[in-house]
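# A closer look at the structure
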Amino acid sequence: MPRKKSTQPTLEDIAARSGVSLTTVSRVINQSHLVSEDATLKVRQAMEELGVEPKRPKSRTGILLFIVPEFTNPSTDLVLAGAQEEAERMGLGLLVMTVAQYPERNKPNLKVLKQFPFDGVIVTHSELTPERIFELSNRSDFPLVVYGRSLDTPHVHCIDIDRDNAYYQATKYLITLGHQRIAFLSGPVEWYISQQRLKAIQRALAEANLALDPDLHRWSVPTIDEAARIATTVLNLPIEKRPTAILGFNDLVAFGAMSAARSLGLRIPDDVSVIGSDDIYLASHTNPPLTSISQPHYRAGQLAVQKISNSLSGAQDDTEGVTMLSCPLAVRESTGPCPSQTMS
């Protein structure tokens, strides 16, 4: 005997009557705070007219999920420390999940998104998109904060750092010191932030009628050992092509560059100036102390937890948009005037 067709209204029926999207209907039914008051009222009115009973209020877990890439940079520790302190202050738990940078290696850990209950997600992973997180979790009713990127994604709040201006200003600072042959030891070519920093450096050089020599720009994995290897090849160029200053993708790259310079008998900053980025706690303790772009990682971790907490409390302003943080240059002894030009 054929089954009797259900007359229970569907999500499509509610969406059609209320004039909003299926996603919005789903969020309202699941009692998400990521929907405007006007849209919520429309959906609830449509549900009432169609005879759909609202769900009972759901309970909170008090757990936030923090997704980070593999621990290869101490700056990640600073973000986590800030988030942990703020979560504890608010009485929230923080579950940290490391996920490999490359998609073919990160699938096993991402299964947690479906298996573990949580109230919100913070992501510092540069290759993991919000859409993929919503897809893998099979949910879209939680607040999501992305750190380190500016995205135009509905219901996603981004906390970003003005790295574009930071690398622009750092390059201009080197130019004011007389440097013209400036090297950039970048991160991988496929990383958005690598491209972002490269464009900022090129812009500052162009304004001074200079250009980034292709021989002085190298893509690499941003680790100390790899940076030391690549910096050695750059600093071994003929004296007329050798850089007088190096901009590193992060402080680890700068440490590698400083090591390479010393191994070649070059003095810092007398022969070559070096600038890093992140201003991790070791930066002020190198010899000489490293000039570094100071990124507010600790503050960003605090803000990420605050944004999720506010969103869970119904604050619409914190459900999406971008909070941009500045990052000044911390000038130390690893930078100095361009050496006297016996090479031109």
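Residues numbered from 1 in each chain as written. Predicted model: local features only at pLDDT ≥ 70, side-chain atom pairs only at ≥ 80, totals over all residues. Heavy atoms only, no water.

## Side note on the sheet that holds strand 7 (residues 217–219)
Sheets are built from strands paired through backbone hydrogen bonds, the pairs being either parallel or antiparallel. Threshold: Strands were regarded as paired on the criterion that DSSP finds at least two bridges between them. We count a stretch as a helix when DSSP gives it H or I for four or more residues in a row; a strand needs E for two or more, and each element gets its number in order from the N terminus. Residue contacts are counted whenever heavy atoms from the two residues lie within 4.5 Å of one another. Axes here refer to lines fitted to C-alpha atoms; in helices the fit is confined to the stretch in contact. Angles between the N-to-C directions go from 0 to 180 degrees.
Pairing within the open sheet is mixed, and its six strands lie in the order 7-6-8-9-10-12. The open sheet is flanked by strand 7 and strand 12 (329–330), the only strands paired with a single partner. As judged from the three bridges shared by strand 6 (residues 182–186) and strand 7, these two strands associate in the parallel manner. Bridge assignment links Leu185 to a residue of strand 7, and that residue is Arg218. The strands touched by helix 10 (residues 224–235) are strand 6, strand 7 and strand 8 (245–248); relative to strand 6, the strand with the most contacts, the crossing angle is about 155°.

## Let's talk about the nonpolar core
Applicable threshold: Residues belong to a common nonpolar core when they are buried Ala, Val, Leu, Ile, Met, Phe, Trp, Tyr or Cys residues joined through side-chain atoms within 4.5 Å. Per-residue accessibility, obtained with a 1.4 Å probe over protein chains only, is compared with the maximum for each type, and a residue is labelled buried under 20%, exposed over 50%, and partly exposed between these values.
Counting 39 residues, the largest nonpolar core has Phe66, Ile159, Phe184, Leu247 and Val305 as its most contacted members. Considering each element in turn, this core owes the most residues, six residues, to helix 12 (residues 297–312). Residues contacting Val305, with those up to four places away along its chain left out, are Leu64, Ala83, Glu86, Ala87, Met90, Leu92 and Ile122.

## Let's talk about the sheet that holds strand 1 (residues 63–68)
Sheet architecture is open: six strands sit in the order 2-1-3-4-5-11, paired in parallel fashion. A single partner strand is all that each edge strand has here, and the edge strands are strand 2 (93–98) and strand 11 (321–325). Recorded for the sheet is a direction-independent mean angle of 20° between the axes of neighbouring strands. Sheet strands touched by helix 12: strand 1, strand 3 (120–123), strand 4 (144–147), strand 5 (156–161) and strand 11. Its angle to strand 5, the strand with the most contacts, is close to 165°.

## Some points on unusual backbone geometry
The linkage connecting Ile268 with the following residue, Pro269, adopts the cis geometry, with an omega of 5°. One can find Pro269 in the loop between helix 11 (251–263) and strand 9 (273–278). Despite not being glycine, Asn209 has its phi angle at roughly 60°, a positive value. On the basis of relative accessibility, which here comes to 74%, the residue Asn209 falls in the exposed class. Backbone geometry places Asp278, a non-glycine residue, at a positive phi of 120°. Note that Asp278 resides in strand 9. The exposure class of Asp278 is buried, given its relative accessible area of 6%.

## Let's talk about the packing of helix 2 (residues 22–29) against helix 3 (residues 37–50)
Under the convention used in this document: For classification, angles of less than 35 degrees are called roughly parallel, those exceeding 145 degrees roughly antiparallel, those between 65 and 115 degrees roughly perpendicular, and all remaining angles oblique.
Following both chains from N to C, one finds helix 2 and helix 3 inclined at 80°, their axes separated by 10 Å at the closest point. The pairing of helix 2 with helix 3 is recorded here as roughly perpendicular in orientation. Counting all contacts with helix 2, which are made through Thr24, Val25, Val28 and Ile29, the residues of helix 3 involved are Ala39, Thr40, Val43, Arg44 and Met47.

## Side note on the packing of aromatic side chains
Each aromatic ring pair is summarised here by two numbers: the centre-to-centre distance and the angle between the ring planes. Cut-off, in case you're wondering: Pairing of aromatic side chains here covers Phe, Tyr and the six-membered ring of Trp, requires ring centres within 6.5 Å, and sorts the geometry by plane angle: under 30 degrees stacked, over 60 edge-to-face, intermediate tilted. Definition used: whenever NZ (Lys) or CZ (Arg) falls within 6 Å of the ring centre and also within 35 degrees of the ring normal, the charge is taken to sit over that ring.
All chains considered together, the criterion is met by three aromatic pairs. Measuring from centroid to centroid gives 6.1 Å for Tyr167 and Phe184, while their planes differ by 65°, and the two rings are edge-to-face. In this pair, Tyr167 is assigned in helix 8 (residues 163–176) and Phe184 in strand 6, connecting sequence segments 17 residues apart. We note that Tyr167, like Phe184, is buried. On the numbers, 5.9 Å between centres and 50° between planes, the contact of Trp191 with Phe249 is tilted. Of this pair, Trp191 sits in the loop between strand 6 and helix 9 (192–207) while Phe249 sits in the loop between strand 8 and helix 11, and the two are 58 residues apart along the sequence. The same class applies to Trp191 as to Phe249, namely buried. Here the guanidinium or amino end of Arg197 rests over the ring plane of Phe249, the centre of that ring lying 4.2 Å away. In this structure, Arg203 is placed above the aromatic ring of Tyr168, and the distance from its NZ or CZ to the ring centre is 4.1 Å.

## Quick word on the pattern of salt bridges
Rules: Salt bridges are counted wherever a side-chain nitrogen of Lys or Arg sits within 4 Å of a carboxyl oxygen of Asp or Glu.
Applying the stated rule across the entire model yields ten salt bridges. One salt bridge connects Lys241 with Asp215, and the closest N-O pair in it is separated by 2.5 Å. One end of the pair, Lys241, is in the loop between helix 10 and strand 8; the other, Asp215, is in the loop between helix 9 and strand 7, and 26 residues separate them in sequence. A relative accessible area of 31% places Lys241 in the partly exposed class. Note on Asp215: relative accessible area 29%, which makes it partly exposed. Here the residues in one salt-bridge network are Arg267, Asp270 and Asp271, joined through shared partners.

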